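Residue strings, one per chain:
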Amino acid sequence: MKQLQPYQPLLLRILHALTGLFVAGAIITAFWTYDTYDGRWGRVPLPRFEEIEGIHGTFGLSALLIFPAFALYAFHQGQRRLVQPDTLAKLGRVGRPAWWYSLGQVLNTLALLALTLSLFSGKMMDEKWLPKGELDHAWYYVHLSGWLVLVVCVVLHVLIHAKVGGVPLLLSMVNWGYRAEDSPALWPARVRAWWSGLRLGLPGRFPASKLVALEVVVLGSIAAAWVISLLKEAGD
């Protein structure tokens with residue numbers, strides 16, 4: 001029997017696709033940068049390409065620019081895909097559908113945190129460190145660790161969602177059709193309603209996040225990364 005393809009909100013698909021594209025590019029170029037300038041924990045036969053660090057930075061900056069919008073969506077409209085109060089309890093039901101779904105929620109949340117760490121640590125680095133052979137800076141190790149955790153989370157994210165929803169779920173993220181109530185023409189009015197709700201201290205048309213602490217950490221880290229980076233540039 002043919003499985004029905006689930007419907008994914010258009011905004012989620014757009015933000016997910018852009019974030020995924022930039023993150024995939026950053027991951028690939030991050031490894032190539034490591035292979036070119038470091039390689040202490042193993043190398044592969046990639047050509048030495050010193051401009052790869054700049055390309056990696058471009059992908060990282062692109063991810064940094066789109067990530068706040070994706071994070072806001074994840075913590076509000078998409079919060080049910082993140083950890084919930086009953087997630088840990090459901091993780092005790094090993095092998096059952098609820099276990100797989102809860103594991104996916106945990107991985108989605110960890111991926112957001114790993115990407116936050118990667119982007120923040122990247123802004124703390126100096127682009128001259130690696131070309132000059134300065135490989136022992138703490139922020140460089142943090143940056144490497146963040147990307148490594150992110151790679152693991154992304155791979156498991158794809159595998160688990162393929163297990164939970166199969167091919168129809170994966171294809172639903174690249175299907176660009178949308179319903180009338182999901183039309184981009186309605187987005188400006190919804191954003192205005194959301195903003196009005198914030199000004200009045202009301203939830204507006206978007207549900208309030210139940211993950212306030214994590215949202216503050218993620219968005220606060222991104223804001224801090226920009227501020228610290230600008231202060232560093234002003235001091236140079």
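For clarity, every value in this text was computed on a predicted model and none was experimentally measured.

A look at the UniProt feature "transmembrane region" (unreviewed entry) in the protein
1) Next: Within this structure's numbering, the places UniProt gives as "transmembrane region" (unreviewed entry) are residues 12-34, 54-75, 98-120, 140-160 and 211-231.
2) Next: For residues 140-160, the end-to-end C-alpha separation is 30 Å, with 100% helix and 0% strand making up the annotated structure.

A short note on the pattern of salt bridges
1) Next: Throughout the structure, instances matching the rule amount to five salt bridges.
2) Next: Salt-bridge contacts for arginine 40 lead to aspartate 38; the nearest nitrogen and oxygen are separated by 2.7 Å.
3) Next: Overall, aspartate 38 belongs to the buried group, its relative accessible area being 6%.
4) Next: Here glutamate 134 makes a salt bridge to lysine 132, at a shortest N to O gap of 3.5 Å.
5) Next: For glutamate 134, a relative accessible area of 28% puts it in the partly exposed group.
6) Next: Judged by relative accessible area, lysine 132 falls into the exposed class, the value being 57%.
7) Next: Connected through salt bridges with shared partners, the residues Asp38, Arg40 and Asp136 form a single ionic network.

Considering the UniProt feature "domain: Cytochrome b561 bacterial/Ni-hydrogenase" (unreviewed entry) in the protein
1) Next: UniProt records the feature "domain: Cytochrome b561 bacterial/Ni-hydrogenase" (unreviewed entry) at residues 8-175, using the numbering of this structure.
2) Next: Secondary structure content for residues 8-175 is 71% helix and 0% strand, and the end C-alpha separation is 9 Å.

Section: the layout of surface pockets
1) Next: By volume, the largest pocket is sized at about 1,100 Å³.
2) Next: Around the largest pocket, the lining is made up of 42 residues, and of these His16, Asn108, His157, His161 and Met173 lie nearest the centre.
3) Next: The set of elements that each furnish at least two residues to the lining of the largest pocket consists of helix H1 (10-37), helix H2 (52-75), helix H4 (97-124) and helix H5 (138-172).
4) Next: In terms of residue count, H5 provides more of the lining of the largest pocket than any other element does, 11 residues in total.
5) Next: Classifying every residue of the lining of the largest pocket gives 29 nonpolar, 10 polar and three charged.
6) Next: Of the pockets and cavities examined, the second largest pocket occupies roughly 840 Å³.
7) Next: Along the wall of the second largest pocket there are 29 residues; nearest its centre are Gly122, Lys123, Met125, Asp126 and Glu127.

Points about the confidence of the model for the protein
1) Next: On average, the protein scores 87 in pLDDT, and the residues at 70 or more come to 92%.
2) Next: This model gives residues 203-207 a pLDDT under 50, and the stretch forms 12 contacts once residues within four places in sequence are excluded.

What counts, and where the lines are drawn
Residues numbered from 1 in each chain as written. Predicted model: local features only at pLDDT ≥ 70, side-chain atom pairs only at ≥ 80, totals over all residues. Heavy atoms only, no water. UniProt positions renumbered as here; feature names shortened; annotations may be inferred. Helix = DSSP H or I, 4+ residues; strand = E, 2+ residues; numbered from the N terminus. Salt bridge = Lys/Arg side-chain N within 4 Å of Asp/Glu carboxyl O. Buried < 20%, exposed > 50% of the residue type's maximum accessible area, 1.4 Å probe, protein only. 1 Å grid on protein atoms, 1.4 Å probe; cavity = no way out; pocket = protein on both sides within 12 Å on 5 of 7 lines; lining within 4 Å. Points joined across faces, edges and corners; volume = space filled by probe spheres on them. Nonpolar A, V, L, I, M, F, W, Y, C, P; charged D, E, K, R; others polar. pLDDT = per-residue confidence, 0-100. Contact = heavy atoms within 4.5 Å.

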